[in-house]
Amino acid sequence: MKYLNLLLLALVILFSGGCKEEKKPHLLMVTNATFPPYEYVEKQEIVGIDPEIVRIVAERLGYVLEIKDMNFDSVIAAVQTGKAHIAASGITVTEERKKQVNFTVPYVIAEQLVIVRKDSKIQNCSELKNVSIGVQHGTTGDTYVTRNIREPERFSNAPLAVAALNAGKIDAVVIDAEPAKVFVKQRPQLRLLPEALTYEEYAFAISKNNKVLLKKFNAELLKMKKSGELERIIRHFKDATSAGADANAAYVSDTFWGQVKSSFTLNFIKDRRYIYLVDGLLNTLLITFFSLLIGIGIGFTVAIIRSTADQTGKLQFLNLLCKVYLTIIRGTPVVVQLLIIYFVVFGAVDIDKVLVAIIAFGINSGAYVAEIIRGGIMSIDKGQMEAGRSLGLSYIQSMRLIIVPQAFKNVLPALGNEFIVLLKETSVAGYIALHDLTKGGDIIRSQTYDAFFPLIAVAVIYLALVMMLSSLLGMLEKRLKRNE
Amino acid sequence: MSEVVFKVRDLVKEYPGLTALDHVSVDIKRGEVVFVVGPSGSGKSTFLRCLNLLETPSGGQIFFKEDEITSDKMNVNTFRQQVGMVFQHFNLFPNMTIRKNITMAPVTTKRSSAAEAGETADKLLRRIGLYEKRDAYPGQLSGGQKQRIAIVRALAMNPDVLLFDEPTSALDPEMVGEVLTLMKELANDGMTMIVVTHEIGFALEIADRVIFMDHGRIAADGTPDEVIKNPENPRIKEFFSKVL
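Because the structure is a prediction, the values reported are computed rather than measured.

A. Structural detail: the domain arrangement of chain A. Residues and elements named next belong to chain A. Per the domain assignment, the segments making up chain A are domain 1 (25–104 + 204–245), domain 2 (108–202) and domain 3 (274–482). Here the C-alpha centre of domain 2 lies 23 Å away from the C-alpha centre of domain 1. Across the boundary between the two partners, domain 1 contributes 21 residues, which contact 20 residues of domain 2. Together, the buried faces of domain 1 and domain 2 total about 1800 Å²; carbon and sulfur atoms form 56% of this surface.

B. Structural context of the packing of aromatic side chains. The final tally for this structure, using the stated rule, is 19 aromatic pairs over all chains. Following the ring pairs from residue to residue traces out a cluster consisting of A:Phe35, A:Tyr38, A:Tyr107, A:Tyr202, A:Phe204 and A:Phe217. For the cation-ring pair, B:Lys7 lies above B:Phe63, with the distance from its terminal atom to the ring centre recorded as 5.0 Å. Above the ring of B:Phe93, the side-chain terminus of B:Arg153 is found at 4.5 Å from the ring centroid.

C. Seen up close, the environment of A:Glu59. Residue and element names in this part refer to chain A. Tracing the chain through its elements places Glu-59 in helix α2 (residues 49–61). What makes Glu-59 exposed here is its relative accessible area of 55%. Remark: the alpha-carbon pair of Glu-59 and Ala-110, spanning 51 residues in sequence, is separated by 26 Å.

D. How the structure looks around the nonpolar core. In terms of nonpolar packing, the biggest core is built from 96 residues, with A:Phe361, B:Phe6, B:Phe47 and B:Ile194 touching the most fellow members. It is helix α14 (residues 353–379) of chain A that contributes the most residues to this core, 11 residues altogether. Counting only domains with at least three residues in this core, you end up with domain 1 (25–104 + 204–245) and domain 3 (274–482) of chain A. If we skip the residues at most four places from it in the chain, B:Phe6 touches B:Val26, B:Asp27, B:Ile28, B:Leu51, B:Ile62, B:Phe63, B:Phe64, B:Ile69, B:Phe79, B:Val83, B:Val161 and B:Ile194. With 50 residues, the next largest nonpolar core counts B:Leu155, B:Ala156, B:Leu186 and B:Met193 among its residues.

E. Representation of the sheet that holds strand β7 (residues 102–103) of chain A in the model. Residue and element names in this part refer to chain A. Strand order in this open sheet of 5 strands is β5-β1-β6-β14-β7, and the pairing throughout is mixed. Both edges of this open sheet fall to β5 (64–69) and β7, since each of them pairs with a single strand only. Across 2 bridges, the pairing between strand β6 (residues 86–87) and strand β14 (residues 205–206) is antiparallel. Paired with Ile-86 across the two strands is Ile-206, which belongs to β14.

Conventions we followed
Residues numbered from 1 in each chain as written. Chains lettered and ligands numbered in written order. Predicted model: local features only at pLDDT ≥ 70, side-chain atom pairs only at ≥ 80, totals over all residues. Heavy atoms only, no water. Domains from an automatic or database assignment. Contact = heavy atoms within 4.5 Å. Buried area = accessible area lost by both parts, 1.4 Å probe. Phe/Tyr/Trp six-rings, centres within 6.5 Å; stacked < 30°, edge-to-face > 60°. Lys NZ or Arg CZ within 6 Å of the ring centre and 35° of its normal. Helix = DSSP H or I, 4+ residues; strand = E, 2+ residues; numbered from the N terminus. Buried < 20%, exposed > 50% of the residue type's maximum accessible area, 1.4 Å probe, protein only. Core = buried A, V, L, I, M, F, W, Y, C linked by side-chain atoms within 4.5 Å. Pairing = 2+ DSSP bridges.

Structure representation (structure tokens):
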């Protein structure tokens, strides 16, 4: 237990080392980088119209800019809760959002366009009433379609909606004009409806508490507008993504194997995209490993408190706390716990997301490990404890040397199962925009608009990890079995 | 007069709806071999388990040598290190080798160093002829071997008293002999022993003193001849006529 504490301490120091105080004031921008040309990832960096504008303004105002990627649903919340200074993510100005944050002057007037398949019967926007429509969750398209047309299918990002349309799962996709144009260019089987569904203004979101920043930002933005600089930036990135789309469209082949080969090249080799999977895998392993340690630490502690309370009637207060912990953790989804820990518990603290995930998954796993181990402790014959005590060992010594080792051996298969579940559960870390393995696949998908290869690759890697973990546990089990 | 090891005064143990021990008072002297016998449910096992506080007495006092062990101030662990216990179901630690079973407690409680404990274990194992099994695990031993290891495990703590709780009841008949032989050797060596058992014949053979318990009380207390062979109490007479 002592070692675990030390390890945790080391971990905290390790991660907090990364966010030392800078001399220049810090400006944290949040975005969802799956929205070309406004924001997208290129060569492991977030680029696009929004990051470029904010970068220039930040530089002129004397800020050090840091950009964080997260789900679009969360960017407004991040600004509102003070986790970030500015949200720049192709955000449309709406009345609801105005209640939560302040908007800068709009920097772009954007249209919401409708994408359909080439062979679709839909010819104009009035025919959308009775077809299934895909949107990106939390976007203006989502709000507009929900209010004025019908309940849409909500996807976590735009490429996923387009992939669904392409696969025939839905009939139309409503998204902002610029990305819509890019998507259609890359997919010969898709087309745009001629007229726009609605018009929107894009602006940056800043916390209501930060009036100073808003004022300074607006002043710079207006200057850029006047000088034509703004227009040049927008044009530059529109051209760049359009060229990128042309480049991706070149990875098409006539034969089946030729197509497989070129898809593979596009998804993993080009621009060294496999790096997204490697980085994601490292984070997944890091999170799984450390949350496993935390889970085992918490699990053993809680299990011992609970069974001590059951057997001796002592520690009733701690037992109550443990029960509350178990009820809450096992009674709520791990995604919700992760989001609460990120946005509420560490809402006001700048903390590394990997550390947040380790804490969240560790606390979650601990509850399950605790009950597994408690089951193991209960399964050990009462005589074992009595033998230990009759030899003059204390309760703790008997637990540690006699009961727990036997219990651990008995529950190893169940524990192994929990570890496998944990490994796979970390895939929801993407909810706080953590670049884990699953998210790595998402990023590739958002660049290549191909669902098949990135998803299969991610699945194969998880499978390989689970198989390795299973065989390791099998070896451990066999080893412990020998000692009987 | 030899030293009193256990002094029990008005010991009461109550369970919900049952009085297992009803004001039991008795002295056990150093070097005595005391057999506690009686019908099932008479409280003899509860009495034994109260002596090393595996059961918490509901009332009364127990003194071990000079100290009152029923007092809250008593360090139970230090006290128990001086009183060995042998269980009906052996309760060896299946996750440890035979040698580790024997050395673990003396080393953990710092009664001896690892080297000393190892030496003692080897000596004891040689004495009972199970030295070859020192690296085996309990699962690989017969019932009689297990019980002899359990006795050795208790002996390794160098206790003042050994408590036996029906040590042969879980054994196949052909295994009983080897355990009784070891117990007899210990008795001859002068070990203070309190034995709860149904082996009346064995009691006659080695007991200095027999306590007959009935309904949570001591119904008779005397030499084996007095209690077993010529009991005054008709109930005791009836009991022994059945078991002998």
